[in-house]
Amino acid sequence: MELLCPAGNLPALKSAIDHGADAVYIGMKDDTNARHFAGLNFNDKKLAQAADYVHQHGKKLHVAINTFAHPGQWQRWQDAVDNAVNVGVDALIISDIGVLQYASDNYPDIERHLSVQASSTNVESINYYHNNFDVARVVLPRVLSVQQVKQLARTSPVPLEVFAFGSLCIMAEGRCYLSSYMTGESPNTAGACSPAKYVRWQETDQGTESRLNGVLIDRYTKDENAGYPTLCKGRFEVEGNVYHALEEPTSLNTLELLPDLAKAGIVSFKIEGRQRSPAYVAQVAQTWRSAINFYQQNPDNFIVQDTWMSALAKLSEGSQTTLGAYHRKWQ
Amino acid sequence: MKFSLGPILYFWPKRTVEDFYQQAMTSAADIIYLGETVCSKRRELKAKDWIALANKIKQPDQQVVLSTMALLESAAELMTMRQLIKQGQILIEANDLAAVQLAQDMKVKFVIGPAINCYNIATLKVLLKQGMTRWVMPVELSGDWLKILLREAEIAGIRDQFEVEVFSYGQIPLAYSARCFTARAENRPKDDCRYCCINYANGMKMNSREGQQVFILNGVQTMSGYCYNLINEVQELADAGVDIMRISPESIESLSVVEQFKNQLDAPRRYPLDSSQECNGYWHKIAGMAIA
């Protein structure tokens, strides 16, 4: 049972390792990964340093190459794979079928993990990636209930990784074009959702307005905290009602499902947030480390500690957490 | 250039669906896709009904294709998928790699639908070997993207091995979720949705608080608020090497839209687009909701 933590830079990576991560995942400093944000991610030199630090501590490094290669620009995706392999990373997280083919042809011994962006949610889809590219692990999109995850874990030919904590994508990842519809840039092509350069906040008589490429995503009264206008988490009008039509600003927290998921054989618990600070990564890693250790010592008497929940709530969007699609009623 | 009718993305009553396809038989459409692609709970027509309907409307000069689900979460949904692929007579459209896997198992050819992430030549090559005969480009990609990709396909000597289809008219399918947004709007849990999306023949409008039509809620699917319309780009798509333009059914009127598109080849005219309801941005490499 692996605790897999995110890192957007070396300090965050060290922070993750120092606070209990078994493995860390990172991305290169270009649009080959789905968190392509200014000031974030690793160049070749930093990648080598990351691999050194992780391996010195006996932990693992995964590199996300999980956008879809642009025509005429294949070299960038190939370089990302080559460079990651050259510094000795432990796993490549890939979504593009072409990139999977390249990696499995050229580096059959380097583990390939199917990225959440590949949107693989059922056993036949997993069979496809297993048979064709011999993937060593599948990262499940956040669309399955815990019952469905358990069922899939029983039939999957490949070990499964799930999202445990962090920002909640409510759409099947890799199959959401809402961001490019509004801005021209999507996670699949540009490596970002609701990109910051399109964001505007504006004070008006009616309150603070948040906009994405001119579209009003939300409007906040004086006693509300104005949030980032992630386009699926704003308030909109449907049939005369104004509400969070798609989802509230909230984070995923699956602590209470830890025993269920562990017993189902889930091999890795993934923390979202390569865009987060080293301090954030430290706190989430430490809390989840405690929870996993507690579970391993008391598999039949696992109790969620209040201190864990309050620590995680403080780190969550709108201080709210949800079980998301894992909990059938959320759907 | 051929013109296709995409699968009906909304949940319409069985009678409406049957009437639609009855009339589609005499429409200008060269290809007709049919089948449920959004939600497995929609069972006005079951798999066997779709297969029967496909066989019923099949004609020598009009190709019929069975479209399959995009987001599959259960063993039961895979059973239905297997049934659709196993029939063996009618070409299928895969909208999830599960369908590709099953088609390969059964040695059946397939269309790669818009919900499969095929973005580049490396991926096309893999899918071609596995039995792809036609590729529907992901909806968010541009004309430039397509042109570069098809040039690469020419150079690789594979361009003549598959057809290219582009989503060209209708509310764009943009996202799939575990959550049913229509049930949520009606304050119902998904497990007790009472199939309420059947009451919204064109989905529910989701507007900004300034009244801008941002998205359309169609069960677990989120669609573009504006209607995508490449009516003024028909010749450009033909020149780019597109083989088929897809018209996504909004109502029975969509059959006339097919004819309007077809007429653009012989007697082109300029259709002004309404920026409060229509868009064509994706093809022009700008925000999808914009008009170039």
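Predicted, not measured: the structure shown is a model, and the values here were computed from it.

Each value, and the rule that gives it
- Residues numbered from 1 in each chain as written.
- Chains lettered and ligands numbered in written order.
- Predicted model: local features only at pLDDT ≥ 70, side-chain atom pairs only at ≥ 80, totals over all residues.
- Heavy atoms only, no water.
- Helix = DSSP H or I, 4+ residues; strand = E, 2+ residues; numbered from the N terminus.
- Polar contact = N/O pair within 3.5 Å; in protein donor to acceptor, adjacent residues only side chain to side chain.
- Contact = heavy atoms within 4.5 Å.
- Phe/Tyr/Trp six-rings, centres within 6.5 Å; stacked < 30°, edge-to-face > 60°.
- Buried < 20%, exposed > 50% of the residue type's maximum accessible area, 1.4 Å probe, protein only.
- Arc of directions from axis to C-beta.
- Axes fitted to C-alpha atoms, helices over the stretch in contact; angles between N-to-C directions.
- Parallel < 35°, antiparallel > 145°, perpendicular 65-115°, else oblique.
- Buried area = accessible area lost by both parts, 1.4 Å probe.
- Salt bridge = Lys/Arg side-chain N within 4 Å of Asp/Glu carboxyl O.
- Core = buried A, V, L, I, M, F, W, Y, C linked by side-chain atoms within 4.5 Å.

1. Structural notes on the side chain of Lys233 of chain A
All names here are of chain A.
(1) Moving on: With respect to the helices and strands, the residue Lys233 is situated in the loop between strand 11 (215–220) and strand 12 (236–238).
(2) Moving on: Here the side chain of Lys233 touches Leu168 through a polar contact of 2.9 Å, landing on its backbone oxygen.
(3) Moving on: Each residue touching Lys233, except ones within four places of it in the same chain, is listed here: Leu168, Asp218, His244, Glu247, Glu248, Pro249, Thr250 and Glu317.

2. Some remarks on the side chain of Asn122 of chain A
(1) Moving on: Among the secondary structure elements, Asn122 of chain A is positioned in the loop between strand 5 (111–114) and helix 5 (123–133).
(2) Moving on: Here Asp96 of chain B takes part through its side chain, which lies 3.3 Å from a polar atom of the side chain of Asn122 of chain A.
(3) Moving on: Excluding its chain neighbours within four sequence positions, the residues that come into contact with Asn122 of chain A are Leu152 of chain A together with Leu72, Leu78, Asp96 and Ala98 of chain B.

3. Some thoughts on the packing of aromatic side chains
For any pair of aromatic rings, geometry is given as the distance between the ring centres together with the angle between the planes.
(1) Moving on: Enumeration over the complete set of coordinates arrives at 22 aromatic pairs over all chains.
(2) Moving on: The interplanar angle of 80° and the centroid separation of 6.1 Å between the aromatic rings of Trp74 of chain A and Tyr102 of chain A together place this pair among those described as edge-to-face. Residue Trp74 of chain A is located in helix 3 (residues 74–86), and its partner Tyr102 of chain A is located in helix 4 (residues 97–106); the two are separated by 28 residues in the primary sequence.
(3) Moving on: You can call Trp74 of chain A partly exposed: its relative accessible area is 24%.
(4) Moving on: An angle of 90° between the planes, with centres 5.2 Å apart, marks the rings of Phe20 of chain B and Tyr21 of chain B as edge-to-face.

4. Considering helix 6 (residues 146–155) of chain A
Residues and elements named next belong to chain A.
(1) Moving on: Within the sequence span of helix 6, burial applies to Val146, Gln148, Val149 and Leu152. Around the axis of helix 6, the buried residues are gathered within 155° of arc, so they sit on the same side. The exposed residues of helix 6 that point more than 90 degrees off its buried face are Gln147 and Arg154.
(2) Moving on: The inward-facing, buried residues of helix 6 abut helix 5, strand 7 (160–167) and helix 9 (258–263).

5. Some words on the packing of helix 4 of chain A against helix 5 (residues 121–130) of chain B
Two measures define how a pair of helices packs: the angle their axes make with one another and the distance between the axes.
(1) Moving on: It is at 7 Å that the axes of helix 4 of chain A and helix 5 of chain B come closest, and there the two elements cross at 80°. If you check the angle between helix 4 of chain A and helix 5 of chain B, you find them roughly perpendicular. Contact residues: helix 4 of chain A offers Ile97, Gly98 and Gln101 of chain A, while helix 5 of chain B offers Ala122, Thr123, Val126 and Leu127 of chain B.

6. What about the interface of chain A and chain B?
Accessible area lost during the coming together of the parts is what is often quoted as the interface size.
(1) Moving on: Counting residues at the interface gives 65 residues for chain A and 69 residues for chain B.
(2) Moving on: Approximately 5600 Å² of surface area, both sides summed, lies buried where chain A meets chain B, with 56% of it carried by carbon and sulfur atoms.
(3) Moving on: Together, Arg175, Tyr177 and Tyr181 of chain A form the three largest contributors to the area buried by chain A at its contact with chain B, with a combined 17%.
(4) Moving on: Counting the contacts that link chain A with chain B gives seven salt bridges.
(5) Moving on: With a closest N to O distance of 2.9 Å, Asp96 of chain B and Arg175 of chain A form a salt bridge.
(6) Moving on: For the interface between chain A and chain B, the tally reads 45 residue pairs in polar contact (both at pLDDT 80 or more).
(7) Moving on: Where the side of chain A that touches chain B is concerned, the elements lending two or more residues are helix 4, helix 5, strand 8 (171–176), helix 7 (178–183), helix 8 (187–190), strand 11, strand 12 and strand 13 (241–243) of chain A.

7. Observations concerning the nonpolar core
(1) Moving on: Core analysis: the biggest nonpolar cluster contains 211 residues, and Trp288 of chain A together with Tyr21 and Trp135 of chain B have the highest contact counts within it.
(2) Moving on: Ignoring sequence-local partners within four residues, the contact set of Trp135 of chain B consists of Ile112, Cys118, Leu124, Leu146, Leu149, Phe162, Glu163, Val164 and Glu165 of chain B.
(3) Moving on: By size, the runner-up hydrophobic cluster in this structure holds seven residues, among which are Leu91, Val111, Val136 and Ile244 of chain B.

On their own, these measurements won't tell you what the molecule is for.
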